[in-house]
Amino acid sequence: MKEIKKQTDTNRKRLIHLKDISYAYPGGMLVLNHMDLEFFRGDRLGLVAPNGSGKTTVFHIIMGLLKPLSGYIELFGSEKKEEKDFVDVRKRIGLLFQDSDDQLFCPTVLEDVAFGPLNLGKSREEALDISKKTLEFLGISEFENRITFKLSGGEKRLVALATILSMEPEILLLDEPTTGLDEKTRAILTKIIQETDISYMLISHNADFLYECTDNIFTIKDGRVINQGKMYRHSHDHIHTPSFLPDHGHGH
Ligand SMILES: Nc1ncnc2c1ncn2[C@@H]1O[C@H](COP(=O)(O)OP(=O)(O)OP(=O)(O)O)[C@@H](O)[C@H]1O
Ligand SMILES: [Mg+2]
């Protein structure tokens, strides 16, 4: 029913429109070459492409962290060109960085998660309240007073996610969110993502995760984004961890 509604809803609101975007890192070859991308409210997109093909670059262009050599960027219905145009964008789009260490910079977990809401103008009390609720929602309340840089890779991943969810963004850009997560934690993350009302685009190399969390797959080829359509499930041979290990199996 939801599916049919989505397909017939011609009034879908376009949140992101990249048109004819080209980008090269200084001294490098073109990573994006006249690339187009549209993203609508309610979209749950997966971006799957080989290492080095430009996935992270696309996210950084949307956030205004990289400036394209040429092309047009429209976000939330208006054109974004200069740094000042992106200040508001960064409050409305939550980017989960590929490397959690790029995201976390406060001494403790609670301060890191409260940083965003404080930056949005919330009072200290409000910011701490939202942050505690976000940590609770993610099932990591016990991390509250931990020293951020002493967390494990997987723990950092969840805290990094908390720092963007606490800002209550309208769009999530998740750059390989399951990296470093064990089966159990990945299942928790999958459920959180499946249940969110926030529109999102996620980069992942994990087929099961993509199948569970996205409706449409895009790839990047020769510097352009191409719509690949829906994921589908088929039977196949695959490797299982030995059954005596905890958390084995993946449900089929
Ligand atoms: N800061 C940088 N300076 C120079 N070149 C860079 C920089 N960051 C990325 N590149 C290059 O740009 C290309 C695209 O990189 P990008 O990080 O967008 O790829 P990706 O698809 O996200 O890859 P991965 O799956 O490995 O994360 C690669 O060839 C990479 O080497
Ligand atoms: Mg990347």
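Reading the values: the criteria
Numbering of residues starts from 1 in every chain and runs along the sequence as written. Labels are handed out in written order, letters beginning with A for the chains and numbers beginning with 1 for the ligands. Owing to the predicted nature of the model, reporting of local features is limited to residues with pLDDT of at least 70; listing and counting of side-chain atom pairs is limited to 80 or more, with chain, interface and lining totals taken over all residues. The side-chain figures draw on all heavy atoms in the structure; neither hydrogens nor water molecules are used. We call a residue near a molecule or strand when any one of its heavy atoms sits within 4 Å of it. The term polar contact refers here to a pair of N or O atoms within 3.5 Å; inside protein, the definition further demands a hydrogen-donor-capable atom paired with an acceptor-capable atom, and it admits residues adjacent in sequence only when both atoms are side-chain atoms. For every accessible area listed, the method is Shrake-Rupley and the probe measures 1.4 Å; residues are considered covered only by the protein chains on display. Here a strand is any run of E in DSSP of at least two residues, a helix any run of H or I of at least four, and the numbering for each starts at the N terminus. Per-residue confidence from the prediction method is given by pLDDT, with values spanning 0 to 100. Here a residue-residue contact requires only that any non-hydrogen atoms of the pair lie within 4.5 Å. Note on pairing: DSSP must find at least two bridges between two strands before they are called paired. Here an angle of 0 to 180 degrees is reported between the N-to-C directions of two axes, which are lines fitted to C-alpha atoms, with helices fitted over the stretch in contact.

Chemist: Before we go on, may I ask you to explain the site of ligand 1 in this structure?
Modeler: In the region of ligand 1, 13 residues are neighbours, and Gly52, Lys55, Thr56, Thr57 and Gln98 sit closest. Within the side chain of lysine 55, an N or O atom sits 2.7 Å from an oxygen atom of ligand 1. Here ligand 1 has 640 Å² of accessible area as a free molecule, and 58% of this is covered by the chains. Take the shell around ligand 1: its biggest share by element is 3 residues, from helix 2 (residues 55-62).

Chemist: For this particular structure, what's the right way to read the confidence of the model for the protein?
Modeler: Predicted coordinates in regions of low pLDDT should not be interpreted in detail. Per-residue pLDDT for the protein averages 91, and the proportion of residues at 70 or more is 91%. The low-confidence segment residues 1-5 (pLDDT under 50) makes 1 contact with residues lying over four places distant or belonging to another chain.

Chemist: Explanation requested: the sheet that holds strand 3 (residues 44-47) in the structure shown.
Modeler: Think of a sheet as strands paired side by side through backbone hydrogen bonds, with each pair either parallel or antiparallel. Here 6 strands make up an open sheet; going across it, the order is 6-7-8-3-9-10 and the pairing mixed. With partners counted over all chains shown, the strands left at the sheet margins are strand 6 (93-96) and strand 10 (224-229), one partner each. For this sheet, the mean angle separating the axes of adjacent strands, direction not counted, is 20°. The pairing of strand 3 with strand 8 (residues 199-203) spans 4 bridges and is parallel. Across the sheet, residue arginine 44 finds its bridge partner in strand 8, namely tyrosine 200.

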